[in-house]
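Examining the three-dimensional arrangement
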Amino acid sequence: MRHLLIKGRFLLLALVLTFVTSACEKEAVTIPTVEQTNPTKTTNHEKPKDEKIKIGFSMDTLQEERWLRDRDLFKKSVEALGAEVEILAANGDDALQISQAERLISQGVDLLVIVPHNAEATAAIVHKAHLAGIKVIAYDRLVKNADIDLYVSFDNEKVGELQGEAITKLVPKGNYVYIGGAMTDNNALLFKKGVFNVLQPLIDNGDIKIVYDQWTKDWTPANALANMEAALKANGNQIDAVIAANDATAGGVIQALQAHGLAGKVPVAGQDAELAAAQRIIEGTQTMTVYKPIQSLTEKVAQLAVKIAKGEIIDAKQKVNNGKIEVPSVLLQPIAVDRSNIDDTIIADGFHSRADVYKNDDSR
Ligand code: BGC
């Protein structure tokens, strides 16, 4: 019996040793030793020189104008660097986004880029990718409570501040409505924080009263419209300004105002510089939007993704806390757009054509 036990222990030891040795061998292949001498050096699988870097792009949705642009420009940016990208979109379904990401991981992509639908739920994807030795970049939206490798976005708090500044300049006093984004999206929290950075002193001195403040489930215009209807009803239509977290929700807000003969009378802010919003700015029913040059984002992410996949050093000095770690981050600058600078910004950049933006302009 004792003999058997000793034999068993030896067997176990042999097994453990084999496992450790093969793990070390694997380590030596997948993580170049340079990482030990330079901790900022990022690494990934070793690839034969002539094989293209393959990036997986896991998107929340393609049901909004902006994300179609992100998809197309990201593909272009990646391909311009001689790499390739496989794109999957989950259209707002958390379970589907996770299973699509798993598919990309098992296909052996070199790096994963995620636009999370749900900031918390997608932490599971980061974990699984890391187990497979694949690094992960959070694109536009932060993944919370995960060891995400990099976050690239716009300065989203600044987006809210630009909205707050534009609207308080026009309406320094009065009843304000805030129509937020989806509370499952970390950006919605940042946009709101930015808006209230500007509004709070005016709320404190009694100039501004927040008469309605609500999130918009899944960012849909229909939910924003219902919220705005509720805001109008609760306040007997006595509303002086509305700040909506994006152009899609601003569209819902303006539809509700229209039904009460208030469109064009109550200033409304949005963001994304969607074509419909740009047209509403020219028509006078939306006051401003915030323009985020998507091409700068796709080019930045593509460039960093390819570098990381090749194990090169990247430069991301900013840090954003995601509840677990200080995530190395790159935050690009947003631009406030109203009728006065629409030609010099989104039209000059070719984001939209002048003919499209001014399509419904009777004054031309
Ligand atoms: C993006 C916005 C977008 C919203 C809804 C946010 O995370 O930053 O640009 O409008 O999601 O899709």
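Sequence order as written defines residue numbering, which begins from 1 separately in each chain. Reporting of local features is limited, given that this is a predicted model, to residues whose pLDDT is at least 70; pairs of side-chain atoms are given and counted only at 80 or more, and all residues count toward the totals for whole chains, interfaces and linings. Calculated side-chain values reflect all of the structure's heavy atoms, with hydrogen atoms and water omitted.

1. What to know about the environment of Thr-289
Definition in use: Only DSSP runs of H or I covering at least 4 residues are called helices, and only runs of E covering at least 2 are called strands; the numbering of each starts at the N terminus. Using a 1.4 Å probe on the protein chains alone, a residue whose accessible area is under 20% of its type maximum counts as buried, one over 50% counts as exposed, and one in between counts as partly exposed. Should any heavy atoms of two residues lie within 4.5 Å, those residues are considered in contact. Definition of a polar contact: a pair of N or O atoms within 3.5 Å, with one able to donate and the other able to accept a hydrogen when the atoms are protein atoms, and with sequence-neighbouring residues admitted only if both atoms are side-chain atoms.
The residue Thr-289 is located in strand β10 (residues 289–291) in this model. Judged by its relative accessible area of 0%, Thr-289 falls in the buried class. The residues contacting Thr-289, other than those within four sequence positions of it, are Asp-247, Gly-270, Gln-271, Asp-272, Ala-273, Ile-281, Ile-335, Ala-336 and Val-337. Among the polar contacts made by the side chain of Thr-289, one reaches the main-chain amide nitrogen of Ala-273 at a distance of 3.0 Å.

2. Focus: the sheet that holds strand β12 (residues 326–332)
This is how the line gets drawn: Only strands that DSSP links by at least two bridges are regarded as paired with each other. Comment: axis = line fitted to C-alpha atoms, over the contacting stretch for helices; angle = value between 0 and 180 degrees taken between N-to-C directions.
Pairing in this open sheet of 7 strands is mixed, and the strands run β2-β1-β3-β4-β5-β12-β11 from one edge to the other. Lying at the two open borders of the sheet, with one neighbouring strand each, are β2 (84–89) and β11 (318–321). On average, each strand axis in the sheet is tilted by 30° relative to the strand beside it, whichever way the strands run. Across 4 bridges, the pairing between strand β3 (residues 111–114) and strand β4 (residues 135–139) is parallel. Paired with Val-113 across the two strands is Ile-137, which belongs to β4. The strands that helix α3 (residues 65–80) touches are β1 (54–59), β2, β3 and β4; relative to β1, the one it contacts most, it runs at about 175°.

3. A look at the site of the ligand
Keep this limit in mind: Being near a molecule or strand, for a residue, means having at least one of its heavy atoms within 4 Å of it. In these tables, accessible area is a Shrake-Rupley quantity obtained with a 1.4 Å probe, and a residue counts as shielded only by the protein chains included in the view. Domain ranges listed in this record stem from an automatic or a database domain assignment.
Trp-67, Asp-140, Arg-141, Asp-185 and Asp-272 are the nearest of the 13 residues found near the ligand. Measuring from an oxygen atom of the ligand, one finds a side-chain N or O atom of Glu-64 at 3.0 Å. One of the side-chain nitrogen or oxygen atoms of Asp-272 is found 2.5 Å away from an oxygen atom of the ligand. Compared with its free state, where it exposes 310 Å², the ligand has 100% of that area covered by protein. The set of elements that each furnish at least two residues to the shell around the ligand consists of α3 and α7 (186–204). If you count residues domain by domain, the shell around the ligand takes at least three from each of domain 1 (54–154 + 294–333) and domain 2 (156–271).

4. A closer look at unusual backbone geometry
Its identity as a non-glycine residue notwithstanding, Asp-218 has a phi of 55°, on the positive side. Tracing the sequence through the fold places Asp-218 in the loop between β7 (208–214) and α8 (221–234). Here Asp-218 falls in the partly exposed class, since its relative accessible area comes to 33%. Positioned with a positive phi, Ala-273 is a non-glycine residue whose angle comes to about 55°. Locating Ala-273 in the fold gives a position in the loop between β9 (268–269) and α10 (275–283).

5. Some words on the nonpolar core
Condition: Residue types Ala, Val, Leu, Ile, Met, Phe, Trp, Tyr and Cys, when buried and joined through side-chain atoms within 4.5 Å, form a set referred to as a nonpolar core.
Counting residues in hydrophobic clusters, the biggest one holds 43 residues, and the most contacted among them are Ile-55, Phe-74, Val-113, Ile-137, Tyr-139, Ile-342 and Ile-346. Those residues in contact with Ile-346 that lie beyond four places of it in its chain are Ala-273, Ala-278, Tyr-291, Val-337, Phe-351 and His-352. Formed by 21 residues, the second largest nonpolar core is a distinct cluster that contains Ile-98, Ala-101, Ala-146 and Val-327.

6. A short note on the sheet that holds β7
Pairing is parallel in the open sheet, where 4 strands are placed in the order β7-β6-β8-β9. Two strands in the sheet have a free side with no partner beyond their single neighbour: β7 and β9. Pairing geometry for strand β6 (residues 174–179) and strand β8 (residues 241–244), over 4 bridges, is parallel. From the neighbouring strand, Tyr-176 faces β8, where its bridge partner is Ala-241. The strands that α8 touches are β6, β7 and β8; relative to β6, the one it contacts most, it runs at about 155°.

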